[in-house]
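Below are the chains, spelled out letter by letter.
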Amino acid sequence: KFRVPEGIKNVPTLSFLKLVSAIFSNGGPDKRWEITRKVLEKEGIGKLWFNGVWHIITTDLELTKDVFSKTDLYPKTSLDESIPGSLTANYYGTNVVFSNGDVWKRHRYGITSHRKSISAVIYFPLFLSHITSPAFKSLPMHVFDETAVKLLKVIEKVDNGPLEVQDLMHRLTLDVLGRVAFGFDFNNLEDPTNVYVTTYQEVTAECDKPIYFIIPFIEYLPYFDRTEARKKVAKINELYDGLIETKRKSMETEELSKKINNNTADLLECMIHASSDPKYPMSDEEMRYNLAMFMLAGHDTTATALTTILYVLATHKDVQSKARDEILRVLGDSLIPTIDQQRELKYLNMVIKENLRLYPPVHQLPRRENSETIKFRNHVFLPKTPILINIYGIHHSPNNWKDPEEFNPERFENDNDEKREQYTWLPFGSGTRTCLGNNFSLIEQRVMLCALLRKYEVSSPTDSIHQDKLHLDHSSSTLTGLQSLHLIFKRTE
Ligand code: HEM
């Protein structure tokens, strides 16, 4: 299994040992980039032996374009193929993020097809011109607004003391997503000890343990039996199953069809409704897998984006005051921006974009495997070669960005997708597999930042471990994590 296939012998090798030791020492995507950048900046691809297979890791824009635009040629690897029978595969199952072809179409269009009100996309052509089927055509603005108010109350209680921001942002985004995805209020902001929250967190922590990601077969050895973890998965699944059952019952009443017609149905209700159409059948089990995946894809990513943006604002006071001035000018006395006002927040939108470039919450895309032999330059990838697109590398390569390590929102001034070289800014992926929740996440970020910045000045404590640089850490093979981050919120009014 160590033998290198003939066609990729001439691809430079990336050090397995260095990468694994970086992961075991909790190194984040920045550390991995440090190890691989020499090869990737020069060649755009490298090969890495991992889990008994030679993988291709790439930052090459041509190959990236090919992967995004030819989804049949580069299907995603399902969890059941990459880690069969594992806890993670059992928990997330077959869902919209990891499926392909007709199964994916059924999931994606089952979630999105029937929503028919005016698309929020028209308000954000700059950000979202590439989107094909946004999940949230009418967004539950009241959920964002109410959660922002709750967030301010939590911060008020701490009153100038240092506050751990990463945990706070996770609590916030989990509350938002629970309500939007299936109408369930985790109420994590007010009660972090709530049993559903702790179980949910334990399950995701189990799924992210690096040992099972680096040596997946270990899970099948009796000594490493994960009985306790499986019990936790069963508990959170009980919650999802209960919600599906209750909502299914409400299908029998008029209530659901009213919600569907008014565009106020949550995602689960949409899936249940769509599943009654013979074109989009979806079993209860598949719905549960989608809920589990939505929770991860939707809450963890936005929490990271909000945490890192608060850090850059705290450490770039000039940017913070410029963003605050704009918020006060555009919003007047309001706490929460309307959709139209969000469009006017040009500078804040630039800050958000630059933060997603510098700290992409998804640092590496889930693996693809080519279905046919591919010739790329003077290399030949045999079918089923694992291919990983390194988003962090694309965002940090001087080939694509001037002074890539610098936080500089101005680089997005007058930016548009046509002018910028394609595939250099990919926080939400691209093509037909673009993130379903990008618009949702951007609005959530704007709402929270407006509420926070108009009330508080954010700064970093002088003894912070992040004083010189933000310390990222290993969260998973795709998601960016960071070490605990304390910031100070001082009232401005
Ligand atoms: C800052 C926040 C977010 C980031 C950076 C992000 C990033 C991404 C990326 C890079 C992909 C493409 C994966 C691939 O091509 O393999 C993706 C897909 C996806 N995201 Fe997001 N995401 C965010 C927020 C959300 C939210 C809030 C939701 C749901 C409410 C969501 C749901 C999804 C789903 C369902 C997919 C799969 C789409 C498909 O394959 O059809 N994401 N996301």
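Residues numbered from 1 in each chain as written. Predicted model: local features only at pLDDT ≥ 70, side-chain atom pairs only at ≥ 80, totals over all residues.

### Digging into the sheet that holds strand S8 (residues 456–459)
No. 1: The strand order across the open sheet built from three strands is S3-S11-S8, with neighbouring strands paired in antiparallel fashion. Edge positions in the open sheet fall to strand S3 (162–164) and S8, since each of these has one partner strand only. Averaged over all adjacent pairs, the angle separating strand axes in this sheet is 40°, with direction ignored.
No. 2: On top of the sheet, helix H15 (residues 284–315) reaches S8 and strand S11 (486–491); it is set at about 90° to S8, its chief contact. (Pairing = 2+ DSSP bridges. Helix = DSSP H or I, 4+ residues; strand = E, 2+ residues; numbered from the N terminus. Axes fitted to C-alpha atoms, helices over the stretch in contact; angles between N-to-C directions. Contact = placed C-beta atoms within 7 Å.)

### Here we look at the site of the ligand
No. 1: By nearness alone, 22 residues border the ligand, and Gly298, Thr301, Gly429, Cys435 and Gly437 come closest of all.
No. 2: Looking at the shell around the ligand, the elements with two or more residues in it are H15 and helix H20 (438–455).
No. 3: In terms of residue count, H15 provides more of the shell around the ligand than any other element does, six residues in total.
No. 4: Residues that form the shell around the ligand fall into these classes: 14 nonpolar, six polar and two charged. (Near = placed C-beta within 6 Å. Nonpolar A, V, L, I, M, F, W, Y, C, P; charged D, E, K, R; others polar.)

### Quick word on helix H12 (residues 227–251)
No. 1: Between its terminal C-alpha atoms H12 stretches 36 Å, which fits the 36 Å expected from 25 residues at 1.5 Å a residue.
No. 2: By the burial criterion, the buried members of H12 are Ala229, Lys232, Val233, Ile236, Tyr240, Leu243 and Lys247.
No. 3: If you follow the buried residues of H12, they end up packed against helix H5 (87–92), helix H9 (165–182), helix H10 (195–207), helix H14 (267–275) and H15. (Expected span 1.5 Å × (residues − 1). Buried ≥ 20, exposed ≤ 12 C-beta atoms within 10 Å, placed from the backbone.)

### With respect to the UniProt feature "binding site: heme" (unreviewed entry) in the chain
No. 1: What UniProt calls "binding site: heme" (unreviewed entry) maps, in this numbering, to Cys435.
No. 2: By the element assignment, Cys435 lies in the loop between helix H19 (391–396) and H20.
No. 3: Cys435 sits in the buried class, given 20 other C-beta atoms within 10 Å.
No. 4: Ignoring sequence-local partners within four residues, the contact set of Cys435 consists of Phe428 and Gly429. (UniProt positions renumbered as here; feature names shortened; annotations may be inferred.)

### Some details on the packing of helix H8 (residues 141–158) against H20
No. 1: As a packed pair, H8 and H20 sit with axes 10 Å apart at the nearest point and diverge in direction by 35°. Here H8 runs over H20; the crossing is right-handed. In this structure, H8 uses Phe144, Asp145, Ala148, Leu151 and Leu152 to contact H20, whose residues at the interface are Ile443, Glu444, Val447, Met448, Ala451 and Lys455.
No. 2: Its residues assigned to classes, the contact of H8 with H20 comprises eight nonpolar, no polar and three charged. (Left-handed = near helix turned anticlockwise from the far one by under 90°.)

### Topic: the sheet that holds strand S2 (residues 53–58)
No. 1: The strand order across the open sheet built from four strands is S1-S2-S7-S4, with neighbouring strands paired in mixed fashion. Edge positions in the sheet fall to strand S1 (45–50) and strand S4 (368–369), since each has one partner strand and no second.
No. 2: Bridge count between S1 and S2: six bridges; the pairing is antiparallel. From the neighbouring strand, Gly46 faces S2, where its bridge partner is Ile57.
No. 3: Lying over the sheet, helix H2 (residues 29–43) contacts S1 and S2, oriented at roughly 140° with respect to S1.

### Thoughts on the environment of Phe213
No. 1: Among the secondary structure elements, Phe213 is positioned in helix H11 (residues 210–214).
No. 2: As a C-alpha pair, Phe213 and Leu172 span 41 residues in sequence and 28 Å in three-dimensional space.

### Remarks on the confidence of the model for the chain
No. 1: Of all residues in the chain, 93% have pLDDT values of 70 or greater, and the mean over the chain is 87.
No. 2: Confidence drops under pLDDT 50 across residues 115–134; counting only partners more than four residues distant or on other chains, this segment forms 36 contacts.
No. 3: Scored as a complex, the prediction yields pTM 0.92 and ipTM 0.99. (pLDDT = per-residue confidence, 0-100.)

### Notes on the packing of helix H16 (residues 317–331) against H20
No. 1: H20 packs onto H16 with a crossing angle of 105° between their chain directions and a minimal axis gap of 9 Å. Judged by the inter-axis angle, H16 sits roughly perpendicular to H20. In this structure, H16 contributes Ala323, Arg324, Ile327, Leu328 and Leu331 to the contact, and H20 contributes Cys450, Leu453 and Arg454.
No. 2: Residues belonging to the contact of H16 with H20 are distributed by class as follows: six nonpolar, no polar and two charged. (Parallel < 35°, antiparallel > 145°, perpendicular 65-115°, else oblique.)

### Focus: unusual backbone geometry
Note: most peptide bonds trans; most residues except glycine with negative phi.
No. 1: The phi dihedral of Asn51 is positive, around 55°, even though this residue is not glycine.
No. 2: With respect to the helices and strands, Asn51 occurs in the loop between S1 and S2.
No. 3: With 15 C-beta atoms counted inside 10 Å, the residue Asn51 sits in the partly exposed group.
No. 4: The backbone of Asn187 sits at a positive phi, close to 50°, despite the residue not being glycine.
No. 5: With respect to the helices and strands, Asn187 occurs in the loop between H9 and H10.
No. 6: Residue Asn187 is classed as partly exposed on the basis of its C-beta count, with 17 C-beta atoms lying within 10 Å.

### Comments concerning the pairing of S2
No. 1: For S2, a buried count of five out of six residues is recorded, marking the element as mostly surrounded by other parts of the structure.
No. 2: The hairpin turn running from S1 into S2, its antiparallel successor, is two residues long, and Asn51 in that turn takes a positive phi close to 55°.
No. 3: Pairing geometry for S2 and strand S7 (residues 386–389), over three bridges, is parallel. Note that in S7 the partner of Ile56 across the bridge is Ile387.

### Some thoughts on the environment of Arg106
No. 1: By the element assignment, Arg106 lies in helix H6 (residues 101–112).
No. 2: A count of 19 C-beta atoms within 10 Å places Arg106 in the partly exposed class.
No. 3: Arg106 sits 168 residues away from Ala274 along the chain, and the two C-alpha atoms are 9.6 Å apart.
No. 4: Once you skip the residues sitting within four places of it in the chain, Arg106 turns out to touch Tyr280 and Met282.

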